[in-house]
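So you can see what is in the structure, the chains are spelled out below.
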Amino acid sequence: MVNKLDLSGEWLLCLDKECKGTDLVFDDTINLPNTTSNAKKGEYNTERETGFLTDTYKFEGFAWFKKNVDFSALQCENLKLYLERTRITELYIDGKKIGRQESLCTPHIYDLNEYIGTGIHEMTICVSNVGYKTKGGHLTSPDTQTNWNGITGRIELIGYKNAHAENVMLWCDIHSKTVRVTANITGGKSGKAVISAESFNSEKNHTPAVQSFEYTDGKLDALYKMGDDCLLWSEHEPNLYKLRIDIDGDMSEHIIGMREFRTEGGKFTINGKKTFLRGKHDGMIFPKTAFAPTDLEEWLRIMKISKSYGMNHYRYHTCCPPEAAFIAADMLGIYMEPQLPFWGTITEEGEENHNQEEQDFLVEEGFNMLRYFGNHPSYCMMSMGNELWGSKKILNDIIGGYKKFDNRHLYTQGSNNFQWFPNVIENDDFFVGVRLANDRLIRGSYAMCDAPLGHIQTDKPAANHDYDSIIRPKKQASSTEISEDGTVQIQYGTTMKTVKASEADADFIPEVPIVTHEIGQYETYPNFKEIEKYTGSLKARNFEVFREKLEEKGLLPLAEDYFKCSGKLAVRCYKEEIETVFRSRLLGGFQILDIQDFSGQGTALVGVLDAFMDSKGLITDSEWREFCNDAVVMARFDSYVFEAGSSFKAHAELCNYRPELKGGNLSAPSLLKAAK
């Protein structure tokens, strides 16, 4: 890139609800980047949703945005339009259609070379939030950030020199202390690339030597030496570098971190040292705007809150966040797992309801995610979707294609795939689920539709449960039965659906790290004081309905007591849930649902933080870290209830993944310090 032109600001607007595309009347304006809902454009929605937040300016259809743009404002030899985050787009210049792009997760980039230096032209962008090739999971769900319409993040023309680097991939090797740099050199067949790097976000400064490399046939493949003093990246030391590639004055800059995220003996490792995933579910819930932010400051704010509650991992539910989220995770040392925007069934050609167009879209969406975000050190894992069913062969082939293209990450077939019929396929690097057989449960609570129930729901309160004997059982477990027609009913969001199932293996023992899926989900009563926080287009009308029902029963004076008491119970359940995981030596991590309220799917107020990531006042972050951290001191005992004269016996344990506590003698004071 040599220069760019910011296109944010006022655009003409036409809302085309009928999706006609003709006789357009641009009788309104909007400041972009924005969504039509957040800008309060269109018809006011009077509905009162109770299963999720109400979008008071819900709009589905075509939104047309028009602006005059000076194409002579940039001195360049290559020109592109960059739309950071949007829905399906079609671009028109002076009424001529330039192209169409459909990615829901990655930027839309259009080639505009033919308009370089041609003066002012009318640019029109049609954005559609209907007609997706896939349902989109939580990227488009009313349960989370809504099915918004608009353009968010950067909107700009970017100018390049004739020869410039594209499709840059950076392969960091902590053993050879090198970075393999591959790129396509657009507009140049052969020449010289100058590569440099300097550290940032680190206590120590390190600047590797500037190095020059030749590229030929429009391809750059260089081995950049970082030097013996190169700094490694991890959750404890998130050291970063800015790596620059100079192609004859055209400069591109990339964030890298020298890290190796792998598995070993049922555990995850970072740079050869074992780590444990303390994961947060994220469906990209942002109730102030109803869309995911693209600015670094907001992602740093919310991820710092997550870190303060002991989290080192984000699992994105059927969605991929904008690049700012990866940068924030780079800076804070968070292990990210984006997921394809899919919650359904993968079929083979010829099978019932096979949709090849959808599958092709999803596969390409995954490649786009790897191309645009894969260089970030925080991009450690990737998942194919949530609670998928269907063809294990197709899932395995998809992962195999991704691994061949980009082996810098760990891959899994999905989260809780096949539910009562769990399995590991050849290309799985780790397993995410809630059970290993029908009655081999690896979380503490379940909905009745997922029965049998967990130990927190059925056993007397104690602090002695772990999952090791379930992961490697001494006796045979029971398998789930399927119906005569080979189907089983499963939970799908807040509804049920029927899927085909194969026989379950009651003796299934994964030989890859096991991550327990969506643990927790302990509800609290609504805090009606929260209603006033919804100052944007999203409104908590569900809370209003709940409050009215309580008032009708004459119980409204007890609302705050209900909130506080249910919250205290939820906190105690979460403590036991998480400590059970830490008592289990054979687990690789957990993904909690959630420290943050989930505003959809029936209004799931499961957090100790509200939907805005603000504390509910139920527990402080330091108190939470006493049982959720990289080092946790626990006592194992059989009951919380004692009779007069009985004795109390407990076994003290330390679950430790904190580097400075490794290899030393641990005294009682050091144990207490680790718990703080």
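Predicted model only: the values in this text are computed from it and were never measured.

Next up on the list: the overall build of the protein chain. Of regular secondary structure, the protein chain possesses 10 helices and 39 strands. For 676 residues, the compact-globule estimate of 2.2 N^0.38 gives 26 Å, and the protein chain sits close to it at 26 Å. Expressed as a percentage of the 676 residues in the protein chain, the buried residues total 58%. A separation of at least 24 residues holds for 71% of the contacts in the protein chain among residues at least 6 apart in sequence. Distance between charge centroids for the protein chain: 4 Å, based on 76 positive and 99 negative side chains.

Ordered in space as β20-β21-β22, the 3 strands form an open sheet in which the pairing is antiparallel. Sheet topology places β20 (261-264) and β22 (273-275) at the edges, where each strand pairs with a single neighbour. Along the sheet, successive strands turn relative to each other by an average axial angle of 45°, direction set aside. When strand β21 (residues 267-270) meets β22, the two strands line up antiparallel, connected through 3 bridges. Among the inter-strand pairings, Phe 268 is bridged to a residue of β22, identified as Thr 275.

It is worth spelling out helix α4 (residues 392-405) at this point. For α4, which comprises 14 residues, the first-to-last C-alpha distance of 20 Å matches the rise-based estimate of 20 Å (1.5 Å per residue) to within 8%. All of the buried residues along α4 are Ile 394, Leu 395, Asn 396, Ile 398, Ile 399 and Tyr 402. Elements that come into contact with the buried residues of α4 comprise β26 (345-346), α3 (356-373), β27 (381-383) and β29 (410-412). With a side-chain oxygen positioned 3.3 Å from the backbone nitrogen of Lys 393, the residue opening α4 is Ser 391.

The interhelical angle for the contact between α3 and α4, taken along N-to-C directions, is 25°, at an axis separation of 11 Å. With respect to each other, α3 and α4 are oriented roughly parallel. For α3 against α4, the interelement crossing comes out right-handed. Two secondary-structure elements touch here, α3 through Gln 359, Leu 362, Val 363, Gly 366, Phe 367, Leu 370 and Arg 371 and α4 through Ile 394, Ile 398, Gly 401, Tyr 402 and Phe 405. Split by residue class, the contact of α3 with α4 holds 8 nonpolar, 3 polar and 1 charged.

Across all of its chains, the model carries 37 salt bridges by this definition. The shortest N-O distance in the salt bridge between Glu 90 and Arg 100 comes to 3.0 Å. Here the residue Glu 90 occupies a position in strand β8 (residues 88-93), and Arg 100 occupies one in strand β9 (residues 96-101), the gap between them amounting to 10 residues. Classification of Arg 100 by relative accessible area gives partly exposed; the value is 42%. Residues participating in the shared-partner salt-bridge network are Glu 90, Lys 97, Arg 100, Glu 102 and Lys 133.

This part is about the packing of aromatic side chains. This structure, assessed with the given rule, holds 33 aromatic pairs. Their ring planes at 85° and their centres at 6.2 Å tell us that Tyr 525 and Phe 528 sit as a pair that is edge-to-face. Exposure remark for Tyr 525: the relative accessible area of 25% places this residue in the partly exposed category. By relative accessible area, which is 12% here, Phe 528 ends up buried. Taken together, the aromatic side chains of Trp 233, Phe 261, Phe 268, Tyr 335 and Phe 430 make up a single cluster linked through ring pairs. When the ring centre of Tyr 446 is taken as origin, the NZ or CZ atom of Arg 443, which lies over that ring, is 4.8 Å away.

What follows is about the nonpolar core. What tends to happen in soluble globular proteins is that the nonpolar side chains get buried as a cluster. Core analysis: the largest hydrophobic core is formed by 106 residues, its most contacted members being Trp 299, Met 303, Met 384, Phe 590 and Trp 624. Sorting elements by how many residues they give to this core places helix α8 (residues 559-583) first, with 9 residues. With residues up to four places along the chain from it excluded, the contact list for Met 303 reads Tyr 314, Tyr 316, Ala 325, Ala 328, Ala 329, Leu 332, Ile 334 and Met 336.

Moving on: the pairing of strand β14 (residues 178-186). Strand direction decides the pairing type here: strand β13 (residues 164-173) and β14, joined by 8 bridges, are antiparallel. The residue bridging Ala 165 from the neighbouring strand is Ile 185, located in β14. In this structure, the hairpin formed by β13 and β14 is closed by a connection of 4 residues, where Lys 177 is found at a positive phi of approximately 55°. Pairing of β14 with strand β17 (residues 219-225) involves 7 bridges; the strand directions are antiparallel. By the bridge assignment, Thr 178 is partnered in β17 with Lys 225.

In this section: the confidence of the model for the protein chain. When pLDDT is averaged along the protein chain, the result is 93, and 93% of the positions lie at 70 or above. Below pLDDT 50 for its whole length, residues 670-676 participates in 13 contacts with residues either more than four positions away or in separate chains.

Scoring rules and cut-offs
- Residues numbered from 1 in each chain as written.
- Predicted model: local features only at pLDDT ≥ 70, side-chain atom pairs only at ≥ 80, totals over all residues.
- Heavy atoms only, no water.
- Helix = DSSP H or I, 4+ residues; strand = E, 2+ residues; numbered from the N terminus.
- Rg over C-alpha atoms; globule rule 2.2 N^0.38 Å.
- Buried < 20%, exposed > 50% of the residue type's maximum accessible area, 1.4 Å probe, protein only.
- Contact = heavy atoms within 4.5 Å.
- Lys, Arg positive; Asp, Glu negative; His and termini not counted.
- Charge placed at Lys NZ, Arg CZ, Asp CG, Glu CD.
- Pairing = 2+ DSSP bridges.
- Axes fitted to C-alpha atoms, helices over the stretch in contact; angles between N-to-C directions.
- Expected span 1.5 Å × (residues − 1).
- Polar contact = N/O pair within 3.5 Å; in protein donor to acceptor, adjacent residues only side chain to side chain.
- Parallel < 35°, antiparallel > 145°, perpendicular 65-115°, else oblique.
- Left-handed = near helix turned anticlockwise from the far one by under 90°.
- Nonpolar A, V, L, I, M, F, W, Y, C, P; charged D, E, K, R; others polar.
- Salt bridge = Lys/Arg side-chain N within 4 Å of Asp/Glu carboxyl O.
- Phe/Tyr/Trp six-rings, centres within 6.5 Å; stacked < 30°, edge-to-face > 60°.
- Lys NZ or Arg CZ within 6 Å of the ring centre and 35° of its normal.
- Core = buried A, V, L, I, M, F, W, Y, C linked by side-chain atoms within 4.5 Å.
- pLDDT = per-residue confidence, 0-100.

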